[in-house]
Amino acid sequence: MSTTGTTGTTGIPGTTGVPAPKSAARPRRRLRLPGIGALFVSPYVLFVTAVFAVPLGYTIWISFHRFYFTAPGTDIDTPWVGLRNYQDVFSDPVVQRSFLNIAIFLVINVPLTVVLALVLASALNAKLPFRSFFRAAYYLPYVTASVALVAVWQYLFGTDGLLNTALGDLAPDPSWLVNSSLAMPVIAVFVTWKQLGFFVMLYLAALQSVPKELYESAAIDGAGRVRSFLSVTVPGVRHATTLVTVFAVITGSNLFSEPYLLTGGGGPDHASSSPVLVMYQKGIEQAHPDFAAALGVVLVVFVVVLALVARKFTEKGAE
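My aim in this report is to walk through the structure given alongside it, one point at a time. Because the structure is a prediction, the values reported are computed rather than measured.

**Things to note about the overall build of the protein**
Right, so step 1: Helix and strand counts for the protein stand at 14 helices and zero strands.
Right, so step 2: Here the protein holds 319 residues, and the buried ones make up 35% of them.
Right, so step 3: Put simply, the protein shows about 20,000 Å² of open surface, and 67% of that area lies on carbon and sulfur atoms.

**Regarding the packing of aromatic side chains**
Right, so step 1: For the structure on display, the rule yields 22 aromatic pairs.
Right, so step 2: Ring geometry for Phe64 versus Tyr86: centroids 5.4 Å apart, planes at 45°, classification tilted. Of this pair, Phe64 sits in the loop between helix H2 (34–63) and helix H3 (84–91) while Tyr86 is found in helix H3, placing the two residues 22 residues apart along the sequence.
Right, so step 3: Tyr86 sits in the buried class, given a relative accessible area of 11%.
Right, so step 4: Plain terms: the ring middles of Trp153 and Trp193 are 5.7 Å apart, the flat faces sit at 45° to each other, and that makes the pair tilted. Of the two residues, Trp153 sits in helix H6 (residues 146–157) while Trp193 sits in helix H8 (residues 183–207), which places them 40 residues apart along the sequence.
Right, so step 5: Owing to a relative accessible area of 9%, Trp153 belongs among the buried residues under this scheme.
Right, so step 6: Its relative accessible area of 36% is what places Trp193 among the partly exposed residues.
Right, so step 7: Ring pairs connect the aromatic residues Tyr139, Tyr142, Phe198, Phe199 and Phe247, which therefore count as one cluster.

**Digging into unusual backbone geometry**
Right, so step 1: Cis peptide bonds are those with omega within 30 degrees of zero, and the linkage from Asp173 to Pro174 qualifies with 0°.
Right, so step 2: Structurally, Pro174 can be placed in the loop between helix H7 (162–167) and H8.
Right, so step 3: At Asp269, a position not held by glycine, the phi torsion is positive, near 55°.
Right, so step 4: Along the chain, the position of Asp269 falls in the loop between helix H12 (257–262) and helix H13 (275–285).
Right, so step 5: Look at Ala287: it is not a glycine, yet its phi comes out positive at around 60°.
Right, so step 6: Its location among the elements puts Ala287 in the loop between H13 and helix H14 (289–318).
Right, so step 7: Ala287 sits in the partly exposed class, given a relative accessible area of 41%.

**Focus on the pattern of salt bridges**
Right, so step 1: Scanning the model with the defined rule gives two salt bridges in all.
Right, so step 2: One salt bridge connects Arg66 with Asp290, and the closest N-O pair in it is separated by 2.9 Å. Separated by 224 residues along the polypeptide, Arg66 in the loop between H2 and H3 and Asp290 in helix H14 bring together distant segments of the chain.
Right, so step 3: Residue Arg66 is classed as partly exposed on the basis of its relative accessible area, which comes to 22%.

Criteria and thresholds
- Residues numbered from 1 in each chain as written.
- Predicted model: local features only at pLDDT ≥ 70, side-chain atom pairs only at ≥ 80, totals over all residues.
- Heavy atoms only, no water.
- Helix = DSSP H or I, 4+ residues; strand = E, 2+ residues; numbered from the N terminus.
- Buried < 20%, exposed > 50% of the residue type's maximum accessible area, 1.4 Å probe, protein only.
- Areas by Shrake-Rupley, 256 points an atom, 1.4 Å probe, with all protein chains shown as cover.
- Phe/Tyr/Trp six-rings, centres within 6.5 Å; stacked < 30°, edge-to-face > 60°.
- Salt bridge = Lys/Arg side-chain N within 4 Å of Asp/Glu carboxyl O.

Scope: geometric values only; no functional claims are made or implied.
Put into structure tokens, the structure is as follows:
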């Protein structure tokens with residue numbers, strides 16, 4: 001008995017009468033033209049090159065030369081000085097104090113931002129009355145001009161401000177913003193409050209991807225709200241925590257407007273100066289752009305290293 005009726009021409013059971021496919025008839029892959037992808041990417045590449053790469057490269061070049069601001073069309077020598085500008089940066093006590101100030105700022109601002117943003121996002125993610133109102137209220141300071149918010153905080157923390165009036169004899173002397181020990185912590189709290197709404201929104205978006213079944217399983221196992229928060233919410237938004245931490249480190253390291261406006265340019269006695277503020281003062285006000293360029297390069301390296309460490313720390317802690 002022929003086996004053709006049971007196996008067909010393909011020799012596979014159940015395929016009676018089905019012709020065998022041609023082994024050489026594979027669809028040819030069309031070559032994709034790289035020019036089309038490059039066409040769509042080119043606007044962003046040009047933007048990054050014009051706004052970031054070219055200025056950064058020019059800044060690095062300035063940092064190795066004696067450079068001066070001149071009128072357009074004026075030709076002036078810019079001699080090579082090697083690492084002289086970097087030596088001046090590392091030996092400057094104002095620069096050293098500014099990096100210490102940023103370290104104090106980040107120690108206060110980053111943990112406070114992560115914890116408060118996650119707690120508030122979890123609360124606002126629940127079904128609460130007037131939930132939309134509270135979400136907008138927390139986001140409003142982030143989109144409000146810094147000048148207007150600084151005026152409010154100066155009224156609160158000024159020498160004759162509302163907080164000192166309420167504290168009476170318990171008020172610090174000197175006052176908050178003119179106290180060398182309290183100026184930077186107050187700025188850190190101010191920046192945390194101002195930017196909190198943005199990070200709350202990031203966590204709210206991340207919470208939408210946490211399965212509700214995990215909370216139900218935790219409740220069945222007898223976990224309360226705190227335990228569910230620690231065991232379900234925190235691990236569920238670990239990638240958002242990494243993003244929030246890195247973003248807070250980068251924005252905090254580039255602090256400028258808050259100390260410039262709140263303390264009148266880094267006072268008292270540079271207790272609230274930041275590296276970016278010192279760059280502005282040295283490069284623009286004191287006409288030493290080469291020093292400012294070297295400080296800018298050092299700050300870029302500092303921020304990149306710190307952001308990588310923060311990312312590694314948060315990802316390792318989430319494992």
